[in-house]
Amino acid sequence: MASDTAAEHIKQLQAEIAQLKRENANLTALNRRAEEKLFAALDGNGLCLWEQHIPSGNLTIFNMRWGELLGFSREELAAHIDSWKSKLHPEDKEWVIKAFEDHVNGKADYYQVVHRMLHKDGSITWVSDRGRIVERLPDGTPLRMMGSHIDITQEKRYELDLSLLAHSDPLTNLMNRQAIAKAFDESLQLGIYGALLFIDLDGFKSLNDHYGHKFGDSLLMHVAHTLVSHSGEQAKIARLGGDEFVILLPSSETESLAMLAQSLLDVYRQKFLLEGCEVEIGLSIGIDIYGDGDSFAESCDRADAAMYRVKHQGKHGYCFYQSSK
């Protein structure tokens, strides 16, 4: 009788164990599917979940391999807070670390920043990072911090591209009228005065009509490249539209301005080949020296007037604006 009772008890326990195993297997499968769904959603957004063990500095990323965001393997980049700090962009490093430490030290409710990191290939990765303390020791010392980390490089590039389009000429990548006018105003606000060169191409319309707009675009890009290569790093250069260009220089020395204008004229003194065609074109350059109280429109008008004097005197030359007063 006792043996039958023991056998029955063992059988019951085995049945309970089997049931527990089935339940555990079901829970494991449900957990695995939940993780798959979560990680698929996170990966689709380029977002990863991270955890830091604060006393040791060790980091864990749950839904991707550590270092993958920056192109590194686990062997190349240790999963540690110091590795993270070493890949912060030099211009962002100080304030990002301060934001992180302010939260750890209780000075901020959470850690949240948008910053740059250095990719293995030398490029810049933009990230949006957010985290907060989730566990503390009995004495209040921070133990664990969890957060999210999302790659927003594409969004930032799109944002920068939109900004570039708003302030540059799409054909030549020079500044547009709005951008050069803003640069003019900013220079005056800083007390920096100088010269504005207004350049109009001689013979462009006939070439554009004869060879077509595509050739005309190539010619405009050739001129833009010439202006950039000859004007120096301090110059601000814009295409106002059509075949009109403007150069702003923080210099009022007539001798150096005349040398620049002459160097530009010399480039187009002779015919040259462009896309297999022999091209002859000239530059008419008007120069205005501006100062306190001037506006971009006023300086442009004066330089334009000087440029038209060159046109009337035979083209392909330069002239400084002189008041008729």
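Asks: What am I meant to see in the packing of aromatic side chains here?
Replies: For any pair of aromatic rings, geometry is given as the distance between the ring centres together with the angle between the planes. Scanning all chains against the criterion turns up 7 aromatic pairs. Aromatic pair Phe184 and Tyr290: ring centres 4.4 Å apart, planes at 45°, arrangement tilted. Of this pair, Phe184 sits in helix α5 (residues 177–189) while Tyr290 sits in strand β11 (residues 282–290), placing them 106 residues apart in sequence. Tyr290 shares its class with Phe184; the two are buried. Every member of this aromatic cluster is reached through a ring pair, and the members are Trp84, Phe100 and Tyr111. In this structure, Arg130 is placed above the aromatic ring of Tyr110, and the distance from its NZ or CZ to the ring centre is 4.3 Å. Sitting above the plane of the Trp126 ring, Lys156 keeps its charged end 4.6 Å from the centroid.

Asks: Any chance you could explain the side chain of Asp129 here in plain terms?
Replies: Considering the arrangement of structural elements, one finds Asp129 in strand β4 (residues 124–136). Arg130 is the oppositely charged side chain nearest to the buried, salt-bridge-free Asp129, at an N-O distance of 9.5 Å. Among the polar contacts made by the side chain of Asp129, one reaches the side chain of Trp50 at a distance of 3.2 Å. With near-sequence residues (within four places) excluded, Asp129 lies in contact with Trp50, Trp84, Tyr111, Gln112, Val113, His115, Ser148 and His149.

So, how was this worked out
Residues numbered from 1 in each chain as written. Predicted model: local features only at pLDDT ≥ 70, side-chain atom pairs only at ≥ 80, totals over all residues. Heavy atoms only, no water. Phe/Tyr/Trp six-rings, centres within 6.5 Å; stacked < 30°, edge-to-face > 60°. Helix = DSSP H or I, 4+ residues; strand = E, 2+ residues; numbered from the N terminus. Buried < 20%, exposed > 50% of the residue type's maximum accessible area, 1.4 Å probe, protein only. Lys NZ or Arg CZ within 6 Å of the ring centre and 35° of its normal. Lys, Arg positive; Asp, Glu negative; His and termini not counted. Salt bridge = Lys/Arg side-chain N within 4 Å of Asp/Glu carboxyl O. Polar contact = N/O pair within 3.5 Å; in protein donor to acceptor, adjacent residues only side chain to side chain. Contact = heavy atoms within 4.5 Å.

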